[in-house]
Structures are given as C-alpha cells and as structure tokens.
Amino acid sequence: MPPSRRPRWSGLRRLAARPAARLRGCRPAAWLRPREPASLRTSFALAFAALAAGVTVLVGFLSYDAAARLVRMDERSVFSEVVRDLRSQVRERPYTPADYTAADSTAADPDHDGPRADLTRPARTDVQILGAGGRVVEPGHPALPAGGAERTVAAHPEAGRYAQGEVQLDGDAYHLATVALGGGRGAVQVARKVSGTEDLLAALQKRTVLLAAGVIALAGAVGWWLARRITGRLVRLTSVAERVAEHGPADVQVPVAGRDEVARLGRAFDDMLGRLTSAVQDQQRLVQDAGHELRTPLTSLRTNISLLRRFDELPPDARGELLADLAGGARELTDLVNELVDLAAGQRDDEPPAQVRLAEVGERAAASARRRTGREITVRTGRPAVVEGRPAALHRALGNLLENAAKFDADGTAPIEVVVTGARVEVLDRGPGLAEADLTRVFDRFYRAPAARGLPGSGLGLAIVREIAAAHGGQVFATVRPGGGAGIGFTVGGGQPEAE
C-alpha cells in the first residue's frame with residue numbers, strides 16, 4: 001500500500017517529537033528541574049489522569065491496530081478470492097475477451113450468473129478486458145494500466161497465468177491483478193479500491209483519538225473529585241494545625257470522622273492537642289503557683305537582709321535569731337527550687353525503663369530515710385511485684401512518702417512502716433492524720449493541709465509522687481489509718497508477681 005494513503009498516528013508522533021525538540025534546544029538543568037505540585041490534591045488528580053491517559057492510549061492504540069489489521073486482511077482476502085475464482089474460470093473453459101465484455105455478457109447471461117458477474121459482484125471491483133497483444137477491448141472505470149507486464153500476461157499461452165500489484169488511479173489506491181485467458185487470446189484485469197478502507201480506518205483513528213481525549217478529560221475530572229474527597233479532611237487538619245501554630249492549642253476543634261487512616265490521624269492529632277493543652281495549662285499553673293510560693297521565702301530573706309545593715313546595733317540574741325532565720329529561709333528556698341526541678345524532671349524523665357522489684361526499691365528507700373531522719377522504718381512485703389519502670393523515679397517517689405511521714409510524725413516513737421503488696425506501695429505513720437476533705441487534695445501542687453501549714457516544706461513532695469505514679473500507669477491514694485495517723489501510697493500499672 002502506498003505510504004501516502006496509509007493512515008498513521010501522525011498527531012501522536014508529532015506530540016511525542018515536540019518534547020525531544022524542546023529538550024535539544026534547552027539547557028538540561030532547566031528542563032530536568034523537578035517541579036513540585038501545588039498541592040496533594042493536584043498530585044492525586046494529575047497522577048490519576050496520567051494513569052488513565054496511559055491506559056487509554058495503550059488500549060486505544062492496540063484496539064485500533066488490531067482492527068486495522070483485521071480490516072486490511074479481510075480486504076486482501078476478498079481480492080485474493082476474486083483473483084482465485086477468475087483463474088479457476090479461465091482454466092476450466094477457453095474463454096475469450098468477448099465472454100467478459102459488458103454488452104456481450106449481459107446478452108448471453110440475463111440472470112447475471114456468468115463469468116463477468118462473478119467478478120463484479122463484490123463491491124468496489126473494477127474490470128478491464130484486454131485482447132490479443134494487450135490491446136484494451138473494454139476499459140475499466142477508471143481505466144486500468146495496460147503496460148508491458150500486462151501485455152506479456154495477455155499474450156501468455158497458459159490460462160490462469162497472472163501478475164498482481166498496487167496502483168494509484170485518480171489519487172486512489174487499487175489492488176490490481178491481470179489474469180491470462182490462455183492461447184494468447186488476451187487477459188482480464190480486475191482491480192479493487194482500497195482507499196475507501198483506509199478512509200474508514202482514518203475516520204476510526206480520529207474517533208479513537210477523540211474518545212481517548214474524552215476519557216482522559218473525564219479521568220482528570222474524576223481524579224480531581226476523588227482527590228478532593230480524599231484530601232478534604234487532610235486540608236481541614238492542616239488548617240487546624242496552622243491555627244494551633246499561630247494561636248496555640250486552646251479551643252481548637254479537630255474534625256474526626258470515618259475509620260480510615262485519615263480518621264486515625266485526626267484522632268491522634270486530637271489526642272495530641274488535648275495533651276498539649278493540658279501540658280500548657282499545667283505549666284501555667286505551675287508557674288503561677290511557684291511564683292506565689294516563692295514570694296514568702298523571698299520576702300523573708302529581703303526583710304532579714306535589710307536588718308543585716310544594722311547587725312552591729314542588734315543585741316547578741318537578736319543576731320543569732322537573724323542568722324537562724326536567714327539560714328532557714330535559704331534552706332526553705334533551696335528545698336522549694338529543688339522540688340520544682342524534681343517535679344519538672346519527673347515529667348520529662350529520660351531514665352530508661354527496666355525490670356524493677358518493688359521490694360528492693362522499698363528496702364533502699366527505707367535505708368536512705370533512716371540515715372536522713374534517724375527514725376525507725378520497717379518494710380513488710382506481701383508477694384511484691386516486678387514492674388516495668390524507672391528505678392530512680394520510683395525510689396524518689398517512695399523517698400518523698402517517707403520524708404512526708406517523718407515530717408508529720410516528728411515526735412513519734414512508733415516505727416514508720418513501708419508495705420509492699422503486689423504492685424501497691426504504702427507508707428503508714430502515726431502522725432496527726434488527715435481530714436476527710438484533705439484525702440483527695442494532698443497530692444495537689446503547693447497544697448498544705450491546715451495542720452501542716454506551720455511545718456517546713458513546699459507542698460510539692462506528694463505532687464511529685466503523683467506525677468511519677470501516673471508516668472508508670474498507676475495512681476496515688478491516701479487513707480486515714482485506724483488508731484491514728486495516715487496511709488499514703490501509690491500503685492504501678494502492669495506489675496507481675498515475683499517468681500518464688
């Protein structure tokens with residue numbers, strides 16, 4: 001088939017050639033520089049459209065190629081069958097050119113079942129008759145070429161000898177075959193127009209391209225809609241995060257809906273904001289309470305320091321009291337600052353967790369408290385547990401409980417008891433005890449029960465115990481001890497009994 005009449009995917013080839021031409025004319029750095037998409041939604045839509053475009057173009061090309069092959073094969077098959085029938089005819093009987101001319105064959109064959117009718121029955125088939133020597137007895141419509149090759153076939157003595165090829169007539173492509181009648185009597189030429197088939201394929205190609213473009217546009221629209229649904233909640237979460245970054249976590253509503261990964265992210269973000277809000281509130285409350293508590297020792301120190309200017313004028317007894325007050329104020333201020341640091345460290349403890357035996361923690365804390373206070377401390381254990389925790393933090397919590405018990409039972413003679421039962425640790429004393437209203441408040445920061453306001457301390461020791469217990473998945477408790485005194489302790493979550 002002539003190349004000029006064969007349909008091509010010319011449009012696609014030109015489009016594919018343009019980037020290469022541009023690439024040759026541009027600097028590689030500028031051409032190859034990646035461009036980040038404007039948004040995740042755009043990325044989804046472009047990826048969806050690109051995937052749909054690739055699939056559509058591939059399927060369209062393969063479908064068109066298969067259809068074109070089948071149509072062309074069918075076209076060649078029909079023409080080959082016509083040529084084969086003609087060769088069979090001229091071999092069976094000694095036909096003459098007159099048997100194939102239109103006028104003679106119509107007069108001799110009124111039923112249109114003669115040899116010429118068999119040739120013209122297929123559509124788009126042209127017949128031209130050649131006589132002896134290759135002269136044209138009856139031209140075709142359009143006239144077919146009768147050159148040297150055709151004259152040679154017409155003069156051939158053997159019936160059925162043929163020559164076949166392709167020709168261009170009036171701008172249209174034809175299959176052409178010249179079949180000898182034998183004995184030098186002439187030949188019959190048959191031609192079948194194939195341009196109509198190629199025009200049909202060209203129209204099919206155009207329709208395929210239009211359909212592919214429509215599918216790509218639809219895929220882009222569907223991809224944009226789908227990406228909008230997928231990323232809509234992410235966009236809202238991003239807006240919430242931006243508001244939090246600008247104004248803080250207070251009073252921010254996080255959109256949480258569904259059960260997919262985006263919903264999980266929303267719930268996790270909501271929990272994170274809740275913890276962040278709580279941490280900010282705790283920090284503000286701690287700063288306010290610490291500022292309030294620091295005023296008292298600082299005021300006392302300033303007053304005593306002002307008296308130092310008249311130190312030489314004071315009597316000896318007043319000088320001793322002043323120095324004692326200064327030492328006591330400095331000690332109280334030091335203890336307050338240390339406990340504030342311990343409280344902050346308890347919230348951000350970097351000590352690695354380990355397997356901790358609570359009985360051993362109780363023994364070590366009791367030994368340390370005996371050296372500091374000089375009090376008798378006993379430890380009782382009832383199948384203690386092994387817990388996953390931070391040994392130093394648990395030791396600090398139990399030490400604070402023992403310090404608190406020794407402070408409130410300073411004049412007592414009964415031993416302070418440490419009871420470890422499973423994952424529960426309790427310190428029992430025989431001090432003044434606690435009122436029912438104070439049982440739930442003694443662990444608040446800087447809270448001082450009425451009976452303890454005259455005693456030294458910052459009111460942070462039990463707050464530190466609560467922070468450590470919470471960090472270990474447990475909780476604190478306080479009870480009134482029968483016979484006088486109090487029982488204060490904490491539990492640790494996830495404890496397992498020790499193996500005997």
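Scroll up to find the structure.
My aim in this report is to walk through the structure given alongside it, one point at a time. One numbering rule holds for all chains: residues counted from 1, following each sequence as written. Only residues with pLDDT of at least 70 are given local features in this predicted model, and only at 80 or more are side-chain atom pairs given and counted; all residues enter the totals for whole chains, interfaces and linings. Side-chain numbers come from the whole structure's heavy atoms, not from hydrogens or water.

As for the sheet that holds strand β12 (residues 486-491)
1) Next: As summarised here, the arrangement of the five strands in space is β7-β9-β10-β12-β11, forming an open sheet in which the pairing is mixed. Looking at which strands have only one partner, the edges of the open sheet turn out to be β7 (377-382) and β11 (476-480). The mean inter-strand angle of the sheet, taken between neighbouring strand axes irrespective of direction, is 15°.
2) Next: Relative to β12, β11 is paired through five bridges, and the arrangement is antiparallel. Residue pairing in the sheet places Phe477 in a bridge with Gly489 of β12.
3) Next: The contact criterion used throughout is that any non-hydrogen atoms of two residues lie within 4.5 Å. All axes here are fitted lines through C-alpha atoms, helices being fitted over the stretch that makes contact, and every angle between N-to-C directions spans 0 to 180 degrees. Only runs of H or I of at least four residues qualify as helices and only runs of E of at least two qualify as strands under DSSP, and these elements are numbered from the N terminus. The sheet strands contacting helix α10 (residues 358-373) are β7, β9 (416-421) and β10 (424-428), and the helix crosses β7 at an angle near 175°. Strands were regarded as paired on the criterion that DSSP finds at least two bridges between them.

Things to note about the environment of Val78
1) Next: Relative to the assigned elements, Val78 resides in helix α3 (residues 40-92).
2) Next: For Val78, a relative accessible area of 23% translates into the label partly exposed. When accessible area is computed with a 1.4 Å probe and restricted to protein chains, residues below 20% of their type maximum are described as buried, those above 50% as exposed, and intermediate ones as partly exposed.

A word on unusual backbone geometry
1) Next: A cis amide bond links His141 with the next residue in sequence, Pro142, at an omega value of 5°.
2) Next: Take Pro142: it is sitting in the loop between β2 (136-138) and α6 (148-154).

Here's the deal with the packing of α10 against helix α11 (residues 391-408)
1) Next: Their axes nearest at 9 Å, the elements α10 and α11 cross at an angle of 45°. Classed by the angle they form, the pair α10 and α11 counts as oblique. The handedness of the crossing between α10 and α11 comes out as right-handed. In contact with Leu358, Val361, Gly362, Arg364, Ala365, Ala366, Ser368, Ala369, Arg372 and Thr373 of α10, α11 contributes Leu394, His395, Leu398, Gly399, Leu402, Glu403 and Ala406.
2) Next: When residue character is reported, Ala, Val, Leu, Ile, Met, Phe, Trp, Tyr, Cys and Pro are called nonpolar, Asp, Glu, Lys and Arg charged, and the others, Gly included, polar. Classifying every residue of the contact of α10 with α11 gives nine nonpolar, five polar and three charged. Angles below 35 degrees are treated as roughly parallel, those above 145 as roughly antiparallel, those between 65 and 115 as roughly perpendicular, and all remaining angles as oblique. Crossing handedness: left-handed means the near helix sits turned counterclockwise from the far one by under a right angle, and right-handed means the same turn made clockwise.

Concerning the sheet that holds β2
1) Next: Reading across from one edge, β2-β1-β5-β4-β3 is the order of the five strands in this open sheet, with antiparallel pairing throughout. The sheet is open, and its two edges are formed by β2 and β3 (162-169), each paired on a single side. Neighbour to neighbour, the strand axes of the sheet diverge by 30° on average, direction disregarded.
2) Next: With eight bridges joining them, β3 and strand β4 (residues 172-180) adopt antiparallel strand pairing. Looking at β4, one finds that Glu166 is bridged to His175.

Digging into the pattern of salt bridges
1) Next: In the sections that follow, a salt bridge refers to a side-chain nitrogen of Lys or Arg positioned within 4 Å of a carboxyl oxygen of Asp or Glu. For the coordinates displayed, the defined rule picks out five salt bridges.
2) Next: Arg466 is the salt-bridge partner of Asp444, the closest N and O atoms lying 3.3 Å from each other. With Asp444 in the loop between β10 and α12 (461-471) and Arg466 in helix α12, the pair connects residues that are 22 residues apart, well separated along the chain.
3) Next: For Asp444, a relative accessible area of 28% gives the class partly exposed.
4) Next: Judged by relative accessible area, which is 29%, Arg466 ranks as partly exposed.
5) Next: One salt-bridge network, in which partners are shared between bridges, spans Arg380, Glu417 and Arg481.

Section: the environment of Arg396
1) Next: With respect to the helices and strands, the residue Arg396 is situated in helix α11.
2) Next: For Arg396, a relative accessible area of 22% translates into the label partly exposed.

Examining the environment of Asp438
1) Next: Here Asp438 shows up in the loop between β10 and α12.
2) Next: For the pair Asp438 and Ala478, spaced 40 residues apart in sequence, the C-alpha separation works out to 9.0 Å.

Looking at the packing of aromatic side chains
1) Next: Stacked, edge-to-face and tilted are the three classes for Phe, Tyr and Trp ring pairs, Trp counted by its six-membered ring, which pair at centre distances within 6.5 Å; planes under 30 degrees apart are stacked, over 60 edge-to-face, the rest tilted. Under the criterion given, the structure shown has one aromatic pair.
2) Next: Between Tyr95 and Tyr100, the aromatic rings sit 5.5 Å apart at their centres with planes inclined by 65°, giving edge-to-face as the arrangement.

Thoughts on the nonpolar core
1) Next: Here the nonpolar core consists of buried residues drawn from Ala, Val, Leu, Ile, Met, Phe, Trp, Tyr and Cys, with membership extended through side-chain atoms lying within 4.5 Å. Ranked by internal contacts, the top residues of the largest apolar core, which has 38 residues, are Leu394 and Phe490.
2) Next: Mapped onto this core, the elements with two or more residues apiece are α10, β7, β8 (385-389), α11, β9, β10, α12 and β12.
3) Next: Those residues within four positions of Phe490 in sequence are excluded, and the remaining contacts are Leu394, Ala397, Leu398, Leu401, Ala423, Arg424, Val425, Val465, Ala469, Gln475, Val476 and Phe477.
4) Next: Grouped together as the second largest cluster of nonpolar side chains are 16 residues, Leu86, Leu119, Ile129 and Val188 included.

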